[in-house]
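Listed below, chain by chain, are the residues.
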Amino acid sequence: MDMTALRGTDERPLMYHKRLPSVRCTLCGRRRIVRQRKRLVRCQLCHDTINEGATNLMATNDKQVIFSLVNVGKVYPPKKQVLREIYLGFYYGAKIGVLGLNGSGKSSLLKIIAGVDQNFTGEISRSKGYSVGLLEQEPELDPNKTVKEVVEEGKKELVALLKEYEAVSNKIGESAPGEMEKLLDKQAQLQEKIEAANGWELENHLEIAMDALRCPPADQTIGTLSGGEKRRVALCRLMIQE
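Residues numbered from 1 in each chain as written. Predicted model: local features only at pLDDT ≥ 70, side-chain atom pairs only at ≥ 80, totals over all residues. Heavy atoms only, no water.

Digging into the overall build of the protein chain
Helix and strand counts for the protein chain stand at eight helices and seven strands. Buried positions account for 33% of the 242 residues belonging to the protein chain. Across the protein chain, the fraction of contacts at a sequence separation of at least 24, relative to all contacts at a separation of at least 6, is 53%. (Helix = DSSP H or I, 4+ residues; strand = E, 2+ residues; numbered from the N terminus. Buried < 20%, exposed > 50% of the residue type's maximum accessible area, 1.4 Å probe, protein only. Contact = heavy atoms within 4.5 Å.)

Describing the pattern of salt bridges
Under the definition given, this model contains six salt bridges. Between Lys 74 and Asp 117 there is a salt bridge whose closest N-O contact spans 2.9 Å. Of this pair, Lys 74 sits in strand 5 (residues 65-76) while Asp 117 sits in the loop between helix 3 (106-114) and strand 7 (121-126), and the two are 43 residues apart along the sequence. Per residue, the accessibility class of Lys 74 equals that of Asp 117, and both read buried. Each of the salt bridges in this network shares a partner with another, and the network as a whole consists of Lys 145, Glu 153 and Arg 237. (Salt bridge = Lys/Arg side-chain N within 4 Å of Asp/Glu carboxyl O.)

Examining the sheet that holds strand 6 (residues 80-91)
Read from one edge of the open sheet, three strands run 6-5-7, paired in antiparallel fashion. The sheet is open, and its two borders are formed by strand 6 and strand 7, each paired with just one other strand. Strand-to-strand, the axes of this sheet are offset by a mean angle of 10°, without reference to chain direction. Across five bridges, the pairing between strand 5 and strand 7 is antiparallel. Its bridge partner lying in strand 7, Leu 69 is registered against Ile 124. (Pairing = 2+ DSSP bridges. Axes fitted to C-alpha atoms, helices over the stretch in contact; angles between N-to-C directions.)

What about the layout of surface pockets?
Here the largest pocket is characterised by a volume of approximately 880 Å³. What lines the largest pocket is a set of 28 residues, among which Phe 90, Ile 113, Ser 131, Val 132 and Gly 133 lie closest to the centre. Those elements that place two or more of their residues in the lining of the largest pocket are strand 5, strand 6, helix 3 and helix 8 (227-239). Taken together, the residues of the lining of the largest pocket break down into 20 nonpolar, five polar and three charged. (1 Å grid on protein atoms, 1.4 Å probe; cavity = no way out; pocket = protein on both sides within 12 Å on 5 of 7 lines; lining within 4 Å. Points joined across faces, edges and corners; volume = space filled by probe spheres on them. Nonpolar A, V, L, I, M, F, W, Y, C, P; charged D, E, K, R; others polar.)

Examining the packing of aromatic side chains
In this description, a pair of aromatic rings is defined by centroid distance and the angle of the planes. Applying the stated criterion across every chain, the model contains three aromatic pairs. For the pair Tyr 165 and Trp 200, a centre-to-centre distance of 5.3 Å together with 75° between the ring planes defines the contact as edge-to-face. Of this pair, Tyr 165 sits in helix 5 (residues 156-172) while Trp 200 sits in the loop between helix 6 (177-196) and helix 7 (202-212); the two residues are 35 residues apart in sequence, bridging distant segments of the chain. With a relative accessible area of 18%, Tyr 165 lands in the buried category. (Phe/Tyr/Trp six-rings, centres within 6.5 Å; stacked < 30°, edge-to-face > 60°.)

Observations concerning the confidence of the model for the protein chain
Residues of the protein chain with pLDDT of at least 70 account for 74%, and the chain-wide mean is 78. Segment residues 1-22 is flagged for pLDDT under 50; beyond a separation of four residues in sequence, or across chains, it makes 40 contacts in the model. Note on residues 31-40: pLDDT is under 50 here. Beyond four places in sequence and across chains, it has 49 contacts. (pLDDT = per-residue confidence, 0-100.)

Some remarks on helix 8
Under the 1.5 Å per step criterion, the end-to-end length of helix 8 is 18 Å for 13 residues, consistent within 8% with the ideal 18 Å. Listed as buried for helix 8 are Val 233, Ala 234, Cys 236, Arg 237 and Leu 238. (Expected span 1.5 Å × (residues − 1).)

In C-alpha cells form, the structure reads like this:
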C-alpha cells in the first residue's frame with residue numbers, strides 16, 4: 001500500500017493518507033503532498049520554494065510558487081467583511097489582474113499583498129529573494145522635488161552613501177593633519193560600500209530607467225506634471241528599488 005506521510009514544520013508525521021490522488025497542494029493543485037502546516041497543504045516543489053528559498057531555481061522555472069495567500073480575510077469595523085477565505089498562489093513570472101466591482105475589496109487585497117496592511121486574518125508566504133511594491137492610483141509625491149530627486153528615493157540608501165562620500169571628500173582638503181587620517185579611513189569605508197553596491201553607476205542606471213518609462217525631464221518639478229506623468233515617475237521609483 002502506498003502511504004504518504006504529511007509532515008509539519010517540526011518534521012514529525014502528522015497523519016497518513018491512503019488516497020493520495022484526493023489530496024491536492026493548496027498552492028499549485030499538485031497531488032504529490034508531503035507537507036502540511038495548519039490549513040496550508042504543500043507539495044514538495046512548493047515547500048522547497050517557500051520554506052527553503054530556492055532562489056536560483058525560481059529564476060529559471062515558471063512553475064515555482066513565489067507568493068501565496070491562504071484563507072486571507074479582511075474586516076473593517078464594526079463588522080464589514082470585504083475579503084473572506086482568499087486562496088491565491090502566484091507563479092514566478094505570472095501577470096495577474098484583480099477585477100471586481102467598486103467596494104469589493106480590490107485595493108484592500110493589494111495592500112495586504114504589498115505588506116502595507118497588516119490587519120488581516122489568514123497566512124501569507126513569500127519566497128526568499130523577492131519583495132513586493134505597491135503603485136498607488138494617486139501616488140503622493142513631493143511637488144517641490146524634481147523628477148530625478150523622486151526617482152532617487154528608490155535608491156535612497158545608496159544616494160545617502162554617495163552624498164556622505166562627497167561631504168567627507170570635501171572636508172579632507174580643509175581638515176587638520178590629525179583629523180585627516182580619520183577622514184581618509186571614513187572615505188575608504190564609504191568607497192568600499194559604494195563599490196559593493198555598484199553605486200558609481202547609479203546615474204547611468206537612473207537615466208536608463210527614466211528613459212525606458214518615458215519620464216519627464218529629470219530637472220522638471222513634480223508640481224508641474226500631469227497625473228499620468230506622476231504615475232510614471234512613481235513607477236520608475238518603484239522599479240529601481242531592491
